[in-house]
Amino acid sequence: MSLQSPPLSGGVPAAQGLVAGSKLYRRANWALFCAGFSTFSLMYCAQPLLPIFSSYFGVSPAHSSFSVSLTTGLLALSILVVGANAQRLARKPLMAISLFVSAGLTLAAAAMPDWTHLLLLRALLGITLGGVPAVAMAYLAEEVHPDSLGLAMGLYVGGTAFGGMGGRVITGLFADFYSWRVAMAAIGIVGLIAAGLFVMLLPKSVRFVPSTTASFRSVCNSLTGHLRHSALLGLFAIAFLLMGGFVTVYNYAGYRLQAPPYDLGQATVGAIFTVYLVGIVASAWFGRLADRHGRIKMLTIGIALMLTGVLITLAHAVAWIVIGIAILTFGFFAAHAVASGTVGKLARGNKAQAASLYLLAYYLGSSVLGSVGGSIFSTAGWPGVAAMVSTALVGGLLICYRLAGAGADATSA
């Protein structure tokens, strides 16, 4: 009997994994790019529509933000549940079902007659979307050769950033020229196309071995271990604060810019979200800098950039507001790339579960602070929003200071 690993279609040995330059490696990268794009475009397509929802359904900015907050909040819980059972679930079928059902829910949401049913479908969307982020990175870690993993992860994160931008820009344009229903339906159709491409392109898992041995007690013990790790707890708190502040700015910038004295159109406000592209550059660049100069140091710089961007948005001129949002976006993706990578390096065992806890805090921040920011915007306007977000970011800087003092930098751990 030959002990040589069976080849994948394309001539790459299974034991070697997908390597850069191979046909299957390129297919996997494009498939996960489509998955990341679809997930984030479906999740955040409602964000530029918040002022329209307020007018159409007669709800406040805080209530309008529930169309985003419910999705991200339930996504956080869904990721935690799926992540805890990740070793039992087949990778490709789970992600494919998640993508198709989520796109279908978005199409259905576009036809909802009232605010309650729209929120219900956006809540269900958060649950169904959880199947992608919970296992996408696990698929790459299992199937891709370690020497080729960095680029593959970068392209997946790039797909999420591009999807976050694309969902906002597409809905902004369609809502301005047609209606919010047409805009949301367009995103649903794009999601179906992306899901189809994902199924066609992604190679089947050949290195994943399902496990049914993990007991409920072992899962709980692992969770407890992560929550007792002070450095990990600090990173989870940072994820909550940074994502919450970032989403709050994006949630209510549209309200500010569509009101007097700016009176910008929906398409123009949507176009501002193209600054999301700087996130693709920031995540890759700061990831490399963190390996060279220290993770906590680069995380601190990323948060400081976010704080600078928020303060700049207090200016009156539209140009300065856009520059501030761009700097905030650059700093957020820089900090997120460093923080999420540090979680994997500091976690002791079951790194997928640690990543799920990080994502839980990440999306809970989006849900909780994103909604609280609506109440603050209604009572204190943009200065109140800037003050709230700045306070969250100062909290993140203080946590970085404590992590540095405790020697939590993963480069020396």
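Residues numbered from 1 in each chain as written. Predicted model: local features only at pLDDT ≥ 70, side-chain atom pairs only at ≥ 80, totals over all residues. Heavy atoms only, no water.

Some details on the packing of helix H2 (residues 50-57) against helix H11 (residues 230-258)
Here comes step 1: Viewed as axis vectors pointing N to C, H2 and H11 meet at an angle of 70 degrees, and their least axial separation amounts to 8 Å. One way to sum up the angle between H2 and H11 is to call them roughly perpendicular. Of the residues in H11, those in contact with Leu50, Pro51 and Ser54 of H2 are Asn251, Gly254, Tyr255 and Gln258.
Here comes step 2: Along the lines of polarity and charge, the residues of the contact of H2 with H11 split into three nonpolar, four polar and no charged. (Axes fitted to C-alpha atoms, helices over the stretch in contact; angles between N-to-C directions. Helix = DSSP H or I, 4+ residues; strand = E, 2+ residues; numbered from the N terminus. Parallel < 35°, antiparallel > 145°, perpendicular 65-115°, else oblique. Contact = heavy atoms within 4.5 Å. Nonpolar A, V, L, I, M, F, W, Y, C, P; charged D, E, K, R; others polar.)

Focus on helix H14 (residues 295-312)
Here comes step 1: For H14, built from 18 residues, the straight-helix expectation of 26 Å at 1.5 Å per residue is met to within 8% by its first-to-last C-alpha distance of 26 Å.
Here comes step 2: For H14, the complete set of buried residues consists of Arg295, Ile296, Met298, Leu299, Gly302, Ile303, Met306, Leu307, Gly309, Val310 and Ile312. (Expected span 1.5 Å × (residues − 1). Buried < 20%, exposed > 50% of the residue type's maximum accessible area, 1.4 Å probe, protein only.)

Quick word on the packing of aromatic side chains
Here comes step 1: Summed over all chains, the structure comprises 25 aromatic pairs.
Here comes step 2: What links up through ring pairs into an aromatic cluster is the set Phe246, Tyr250, Tyr276, Phe332, Phe333, Tyr358, Tyr362 and Tyr363.
Here comes step 3: Against the face of tyrosine 44 rests arginine 168, its NZ or CZ located 4.5 Å from the ring centre. (Phe/Tyr/Trp six-rings, centres within 6.5 Å; stacked < 30°, edge-to-face > 60°. Lys NZ or Arg CZ within 6 Å of the ring centre and 35° of its normal.)

Structural notes on the environment of serine 78
Here comes step 1: Positionally, serine 78 belongs in helix H4 (residues 66-84).
Here comes step 2: C-alpha separation for the pair serine 78 and proline 133, spaced 55 residues apart in sequence, amounts to 9.9 Å.
Here comes step 3: What serine 78 contacts, discounting residues up to four positions off in sequence, is Gly126, Ile127 and Gly130.

Any link to function would need more than the numbers given here.
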